[in-house]
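For reference, the chains in residue letters:
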Amino acid sequence: MNILVGIKQTIDTAATVTVEGGKISAGETPLVLNPWDEFAVEEALRTKEAHGGQVTALSLGPDEAKEALKQALAMGCDSAVLVTDPAFEQTDSLATSKAIAAAITKMGDIDLVFFGRTTVDYDTGVTAAQVARRLNWPSLSLVADVSELDPAGKSITVERMLEDGRQVVRCKLPAVVSVVKEINEPRYPSFMGIRKASRTEIPEWSAADIGLTEVPGAVLRWPEVFAPPKVETRCELIEGGSPDEIARKMVDRLVEEKVI
Amino acid sequence: MAGDVFVYIDHFGGQAPLSSWEAVGAGVQLAQAGSGKVTAVVFGDGVEGLAQTAISFGADEALLADSASLKDYSPERFAGALSGLVKQASPDVLLFPTSGRTRELAGMVAVDLETGIIPDIVEFEMKDGAVLATRPIYAGKLMARVLIPDRRPQILTIRTRAFPMPAADSEKSGTVTRVDLPEVQALSEVVGYKEAGGGVSLTDAGIIVSGGRGVSNNPKASPPADVTDPKEQEIWRARQGFALIGELAQVLGGAVGASRAAVDSGYVPYSHQVGQTGRVVSPDLYIACGISGAIQHLAGMRTSKTIVAINKDSDAPIFKLAQFGVVGDLYDVVPALTKAFRERLS
């Protein structure tokens, strides 16, 4: 099995994110591997462990994104590639999916691609489906379980977690899978893995390297990013001599305020 | 046509979430701004009723593809069909409610039509003939205004409960046009369904009662003798607490939520998780029980209209966001609330 896992570097979810001079800032908080992508890396590694093969981590981003790729390597990926080009500085999902699909085409011979369901920064959550569409491969999004994988017969059966229940879907490989948190518990990088990651050379592919003669620009514009207005709430503490009295007072207040 | 809006009606087996009708309402607002018309698009099996409902909620007309072969949502078939219809009619805007299905579908149609997609919007205005949409980023820690200046259609998905539910007018008439979809090869096959959703879904819920790590902190309940492992004892205690939370949610017709700490500790399944790596929700009432309020959790529920916090620790950050608070033991307060609401609502 030739497995690819697409990842992104993001700001840590514990960070306080602010806007300074129109630019998004997370202060000194270090950048991390997008938390959703940890599940994708883990599933790629488990697939390899069960069926053999190679796992390649791929990211599109600036040079710093190599740190996220190193984390994927430290978890156990065999190799990593960074797609990077000044042309991708202003990117959106349409352009990103084009670049990732082109990189996958360049690699050739990929059986299965994993993504996290979304990223914790811009939360667009459409890249996996868009990459699948560009490659004309089946899109298996929001997968909570890979029930069956048959590398020889080139088929996969998964459970997709939709709002109204789990849909069981079967298709032929190659396919693009986006995973949800329920699918597994990501491993921590091992000491050996970290040492190996620090020594692994991560090749850089430019737009031209992946065969994009016409570099796709973003079709979205972002005229403004702002902090939501601070809601000044003063918490009204409900007190009373007994839980029942507190509960009655609380219900009274919620009815008065027309919440209920 | 310029100014026209297509609204895709998301549904599961003919049951549409309320957000589909909120999308029709938002579509009507957009069409009025651009002097265009609203066309609802319905794919499925035995779903003519949904086309009529869309018209009663304000759509001017509906395109209906109704056949047994469309019973199950299939990304490639639905995307191919929708892209085809949109190409023919050239609307300015293609609008979706936000769900797992529609993010996939909208993303694929955007690729087919080489246009932009702005998911999960909470507000919009018109600017120089384009929709200037507002959407949360970093799970609501920041907001971004986004637009698609040059490509059409502009593809948008609207966040559930961010737009008002339109009023239904059963007298309103509109043409339902049946369309035959081209035979597009489905690339995957639906084998079946498991765990069909029970209870109220988190994103649709008007009221959410949530539990955190504090739910396991119940010294009064003692686990059965055969539960000896400390971790299992903790989970056993927490489940007693979540049972109380579930009763309160049931009395209020709401859904049960949880913090990441509660999910990671194995108290409840992940599908209940509210927060930056769970669901982002904005109910009318959010009752947080034994949740201290980590920044990731607050990001997922801060837009709730009214927040009630119940926590033993009066310094818990959740009280900074809550309108009403009780400093006390959820094991005392939650059952008392259930009783008080039951009396009041009966």
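Everything quoted here is computed from the prediction, not taken from an experiment.

**Student:** What's the story with the overall build of chain A in this structure? I'm lost.
**Tutor:** Helices and strands together make up the secondary structure of chain A, namely 6 helices and 15 strands. Summarising its shape, the C-alpha atoms of chain A cover approximately 70 × 45 × 40 Å along the three principal directions. Split into buried and exposed, the 260 residues of chain A put 49% on the buried side. Across chain A, contacts joining residues at least 24 apart in sequence account for 68% of those joining residues at least 6 apart.

**Student:** So what exactly am I meant to see when it comes to the domain arrangement of chain B here?
**Tutor:** For interface size, the figure often reported is the accessible area lost on association. In terms of domain boundaries, chain B breaks down into domain 1 (5–178) and domain 2 (207–345). When its residues are assigned to classes, the side of domain 1 of chain B that touches domain 2 of chain B shows 1 nonpolar, 1 polar and 2 charged.

**Student:** Sorry if this is basic, but what is going on with the sheet that holds strand β9 (residues 154–158) of chain B here?
**Tutor:** Backbone-to-backbone hydrogen bonds pair the strands of a sheet. The strands run either parallel or antiparallel. Residue and element names in this part refer to chain B. Reading across the sheet, the 7 strands line up as β5-β9-β4-β1-β2-β3-β10 and stay open at both edges, with parallel pairing between neighbours. Looking at which strands have only one partner, the edges of the open sheet turn out to be β5 (117–121) and β10 (175–178). If you compare each strand with its neighbour and ignore which way they point, the axes differ by 20 degrees on average. Across 4 bridges, the pairing between strand β3 (residues 61–66) and β10 is parallel. Opposite Leu-64, over in β10, you have Arg-178 as the bridge partner. Each of β1 (5–8), β2 (38–44), β3 and β4 (93–97) is contacted by helix α3 (residues 75–89), which is oriented at about 155 degrees to β2, the strand it contacts most.

**Student:** Please clarify how the pairing of β3 of chain B should be interpreted in this entry.
**Tutor:** Side-chain direction in a regular strand flips from residue to residue, so the side chains alternate between the two faces of the sheet. Where β2 of chain B meets β3 of chain B, 6 bridges bridge the pair, whose relative direction is parallel. Across the sheet, Ala-40 of chain B pairs through a bridge with Ala-62 of chain B, a residue of β3 of chain B.

**Student:** In this structure, what is going on with the sheet that holds strand β8 (residues 142–147) of chain B? I would like to understand it.
**Tutor:** Spatially, β14(A)-β8(B)-β7(B)-β6(B) is the arrangement adopted by the 4 strands of the open sheet, whose pairing is antiparallel. This sheet does not close on itself; its edge strands, each paired only once, are β14 (221–226) of chain A together with β6 (123–127) of chain B. The sheet shows a mean angle of 25 degrees between the axes of neighbouring strands, direction not considered. Sheet topology note: the strand β7 (residues 130–137) of chain B/β8 of chain B ladder contains 5 bridges and is antiparallel. Counted as the bridge partner of Thr-134 of chain B is Arg-145 of chain B from β8 of chain B.

**Student:** Would you mind going over the pairing of strand β12 (residues 175–179) of chain A with me for this structure?
**Tutor:** Counting buried positions along β12 of chain A gives 5 out of 5 residues, so the element sits mostly inside the fold. Burial along β12 of chain A is two-sided: the residues Ala-175, Val-177 and Val-179 of chain A and Val-176 and Ser-178 of chain A are all buried.

**Student:** When you look at the packing of α3 of chain B against helix α4 (residues 100–112) of chain B in this model, what are you seeing that I'm missing?
**Tutor:** A pair of packed helices is captured by two measures, namely the crossing angle of their axes and the spacing between those axes. All names here are of chain B. For the pair α3 and α4, the least separation of the axes is 9 Å and the interaxial angle reads 50 degrees. Taken as axis vectors, α3 and α4 run oblique relative to one another. Here α3 and α4 pass one another in a crossing that is right-handed. Every residue of α4 that contacts α3 at Pro-75, Phe-78, Ala-79, Leu-82, Ser-83 and Val-86 is listed here: Glu-104, Leu-105, Met-108, Val-109 and Asp-112. Considered class by class, the residues forming the contact of α3 with α4 number 8 nonpolar, 1 polar and 2 charged.

**Student:** I tried to follow helix α6 (residues 243–256) of chain A on my own but got confused; where do I start?
**Tutor:** Each turn of an α-helix holds 3.6 residues, which means side chains three or four residues apart point in the same direction. Here α6 of chain A spans 20 Å end to end across 14 residues, near enough to the 20 Å set by a 1.5 Å rise per residue. Taken together, the buried positions of α6 of chain A are occupied by Pro-243, Ile-246, Ala-247, Met-250, Val-251 and Leu-254 of chain A. Buried residues along α6 of chain A cover an arc of 130 degrees about the axis, so they all sit on one side. Check the buried side of α6 of chain A and you find it contacts β16 (324–327) and α9 (330–345) of chain B.

**Student:** What should I look at first to understand the interface of chain B and chain A in this one?
**Tutor:** Contacts between the two partners involve 71 residues from chain B, matched on the other side by 67 residues from chain A. Split into classes, the residues belonging to the side of chain B that touches chain A amount to 39 nonpolar, 17 polar and 15 charged. Pairing analysis gives 2 bridges linking strand β15 (residues 236–237) of chain A to β16 of chain B, with the strands arranged parallel. Counted as the bridge partner of Leu-237 of chain A is Gly-325 of chain B from β16 of chain B.

**Student:** So what exactly am I meant to see when it comes to the nonpolar core here?
**Tutor:** In a soluble, globular protein the nonpolar side chains are often hidden away together inside. Core analysis: the largest hydrophobic core is formed by 199 residues, its most contacted members being Val-5 and Ala-72 of chain A together with Val-7 of chain B. Composition of this core by domain shows at least three residues from each of domain 1 (5–178) and domain 2 (207–345) of chain B.

**Student:** Mind showing me how you'd approach α9 of chain B here?
**Tutor:** In a regular helix each residue adds 1.5 Å, so 16 residues correspond to 22 Å; α9 of chain B covers 21 Å between its end C-alpha atoms and thus fits that length. Looking only at α9 of chain B, the buried set comprises Leu-330, Tyr-331, Val-333, Val-334, Ala-336, Leu-337, Thr-338 and Ala-340 of chain B. Structurally, α9 of chain B contributes buried residues whose contacts are with α6 of chain A together with α5 (230–251), β14 (285–289), β15 (306–311) and β16 of chain B.

**Student:** I would appreciate a short explanation of the environment of Pro-174 of chain A in the present structure.
**Tutor:** Residues and elements named next belong to chain A. For Pro-174, the location among the structural elements is in the loop between β11 (165–172) and β12. When the C-alpha positions of Pro-174 and Leu-135 are compared, they lie 9.7 Å apart, and in sequence the two are 39 residues distant. Discounting chain neighbours no more than four positions away, the residues touching Pro-174 are Ile-110, Asp-111, Leu-112 and Trp-137.

**Student:** What exactly am I supposed to notice about the packing of helix α3 (residues 93–107) of chain A against helix α4 (residues 127–135) of chain A here?
**Tutor:** All names here are of chain A. The geometry of α3 relative to α4 is characterised by a closest axis approach of 9 Å and an angle of 55 degrees between their N-to-C directions. In terms of axis orientation, α3 runs oblique to α4. Seen along the crossing, α3 lies across α4 with a hand that is right-handed. When α3 is examined against α4, the residues Ser-93, Thr-96, Ser-97, Lys-98, Ile-100, Ala-101 and Ile-104 are found in contact with a partner set consisting of Thr-127, Gln-130, Val-131, Arg-134 and Leu-135. Here the contact of α3 with α4 is built from residues that sort into 5 nonpolar, 5 polar and 2 charged.

**Student:** What am I meant to see in the environment of Ala-221 of chain B here?
**Tutor:** All names here are of chain B. Inspection of the secondary structure assignment puts Ala-221 in the loop between β12 (207–211) and α5. For Ala-221, a count of 14 C-beta atoms within 10 Å translates into the label partly exposed. In this structure, the C-alpha to C-alpha distance between Ala-221 and Ala-238, residues 17 residues apart in sequence, is 9.9 Å. Excluding its chain neighbours within four sequence positions, the residues that come into contact with Ala-221 are Arg-237 and Gln-240.

About the thresholds
Residues numbered from 1 in each chain as written. Chains lettered and ligands numbered in written order. Predicted model: local features only at pLDDT ≥ 70, side-chain atom pairs only at ≥ 80, totals over all residues. Helix = DSSP H or I, 4+ residues; strand = E, 2+ residues; numbered from the N terminus. Buried ≥ 20, exposed ≤ 12 C-beta atoms within 10 Å, placed from the backbone. Contact = placed C-beta atoms within 7 Å. Domains from an automatic or database assignment. Nonpolar A, V, L, I, M, F, W, Y, C, P; charged D, E, K, R; others polar. Pairing = 2+ DSSP bridges. Axes fitted to C-alpha atoms, helices over the stretch in contact; angles between N-to-C directions. Parallel < 35°, antiparallel > 145°, perpendicular 65-115°, else oblique. Left-handed = near helix turned anticlockwise from the far one by under 90°. Expected span 1.5 Å × (residues − 1). Arc of directions from axis to C-beta. Core = buried A, V, L, I, M, F, W, Y, C linked by C-beta atoms within 7 Å.

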